[in-house]
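So the chains spell out like this:
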Amino acid sequence: MPEPSTTHISVRNLSVHYGGQPALKNVSVNIPDRKITAVLGPSGCGKTTFLRCLNRLVDTVDGVSVSGQVLVDGEDLFDPAAEVTHIRKKMGLLSQRPYPLPMSIYDNVAYGPRIHGQSDRGELDALVEHHLKLAGLWDEVKGRLRAPATSLSIGQQQRLCLARGLAVGPEIILADEPTSALDPISSAHIEGKFKELRDQYTIVIVTHILRQARRLADYVIFMYMGELVEHGPAAEVFNAPREKQTREYISGVIS
Ligand SMILES: Nc1ncnc2c1ncn2[C@@H]1O[C@H](COP(=O)(O)OP(=O)(O)OP(=O)(O)O)[C@@H](O)[C@H]1O
Ligand SMILES: [Mg+2]
């Protein structure tokens, strides 16, 4: 049966074991297109594992076993015949700490477009400026594009990583606690950018900051001990949670 057109990523019966220990148990959920989906739950419940399944980075862990499907635009990422590189091109990843490449600010953003064959200087200049503006960093760095990325503050580095991710033209942004290493102002910057980008990108954000999820999320996935306990539109999950564990988490009884 075809997926409704509003689903971008469909996760079906997804289970993950690390060295035989279950980390995700039979998770099925549809992630809506061009909305912000927040993945919530206590530490160790499987949020990062879930996110890493969405781009198959989970495969890089020794002793991991995965079963189930992750359909991106209907293509199963875990099908042995899947073109993983092609599917991954649709995704940008923002991790907990910024990992800028050991090169200049300019080259960090130009890196992806260059790999994809763009070598025209004028085009690259325009791409770098456009994506630094999208990430809300342009005004701070336009006078020092040749400086090493590591000369930026951590908050600026995270926005640079966002610009670098956006520059390869993804449709999906995966973010694992993208503001947890940032000061409040830098966090607000990233959150603001996500709000601006929500209409154009499918954004999946793992966060343990409930207030952040309330501010950002259109859709919420709540996990507990490897299981998907509840999912639905943010207003429903926050205002009228159906499950006891969700209620307790939202009211701060479990954290
Ligand atoms: N590389 C790994 N090898 C073995 N076990 C792992 C590995 N990564 C995660 N786990 C285990 O899988 C479970 C889920 O971990 P995961 O990192 O997905 O949780 P999380 O919800 O992201 O937690 P946190 O909020 O602390 O980041 C945990 O029990 C964890 O110990
Ligand atoms: Mg995690």
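It should be noted that the structure appears before, not after, this text.
This structure is a prediction, so every number in the text was calculated from the model and none was measured.

Caption draft 1: Spatial organisation of the layout of surface pockets. Approximately 730 Å³ is the volume found for the largest pocket. Forming the walls of the largest pocket are 23 residues, and the residues nearest its centre are Arg-88, Met-91, Gly-92, Leu-93 and Val-168. Here the lining of the largest pocket is built from residues that sort into 11 nonpolar, 8 polar and 4 charged. The calculated volume of the second largest pocket comes to roughly 220 Å³. Taken together, Thr-48, Leu-51, Arg-52, Leu-57, Leu-93, Leu-94, Ser-95, Gln-96, Arg-97, Tyr-99, Asp-176 and Glu-177 make up the lining of the second largest pocket. Every element with two or more residues in the lining of the second largest pocket is listed here: α1 (47-54) and β6 (91-94). Counting residues per element, the lining of the second largest pocket draws most heavily on α1, at 3 residues.

Caption draft 2: Up close: the nonpolar core. Grouped together as the largest cluster of nonpolar side chains are 47 residues, with contacts concentrated most on Leu-132 and Phe-194. Among the elements that take part in this core, helix α6 (residues 154-166) stands out by supplying 5 residues, more than any other. Beyond its immediate sequence surroundings of up to four residues, Phe-194 is in contact with Ile-36, Leu-94, Leu-162, Ala-175, Pro-178, Ile-203, Ile-205 and Leu-216. Core analysis: the next-biggest nonpolar cluster, separate from the first, contains 31 residues, Cys-45, Val-58, Val-70 and Val-72 among them.

Caption draft 3: Molecular detail of the pattern of salt bridges. For the coordinates displayed, the defined rule picks out 13 salt bridges. Where Arg-215 meets Glu-191, a salt bridge forms, and the shortest distance between an N and an O atom there is 2.8 Å. With Arg-215 in helix α8 (residues 210-216) and Glu-191 in helix α7 (residues 184-197), this residue pair connects regions lying 24 residues apart in the sequence. The partner of Glu-196 in a salt bridge is Lys-193, with the nearest N and O atoms 3.1 Å apart. Placement of both Glu-196 and Lys-193 in helix α7 is noted, with a separation of 3 residues, approximately one turn of the helix. Classification of Lys-193 by relative accessible area gives buried; the value is 10%. Each of Asp-107, Arg-114 and Arg-146 takes part in salt bridges that share partners, so that together they form one network.

About the cut-offs
Residues numbered from 1 in each chain as written. Chains lettered and ligands numbered in written order. Predicted model: local features only at pLDDT ≥ 70, side-chain atom pairs only at ≥ 80, totals over all residues. Heavy atoms only, no water. 1 Å grid on protein atoms, 1.4 Å probe; cavity = no way out; pocket = protein on both sides within 12 Å on 5 of 7 lines; lining within 4 Å. Points joined across faces, edges and corners; volume = space filled by probe spheres on them. Nonpolar A, V, L, I, M, F, W, Y, C, P; charged D, E, K, R; others polar. Helix = DSSP H or I, 4+ residues; strand = E, 2+ residues; numbered from the N terminus. Core = buried A, V, L, I, M, F, W, Y, C linked by side-chain atoms within 4.5 Å. Buried < 20%, exposed > 50% of the residue type's maximum accessible area, 1.4 Å probe, protein only. Contact = heavy atoms within 4.5 Å. Salt bridge = Lys/Arg side-chain N within 4 Å of Asp/Glu carboxyl O.

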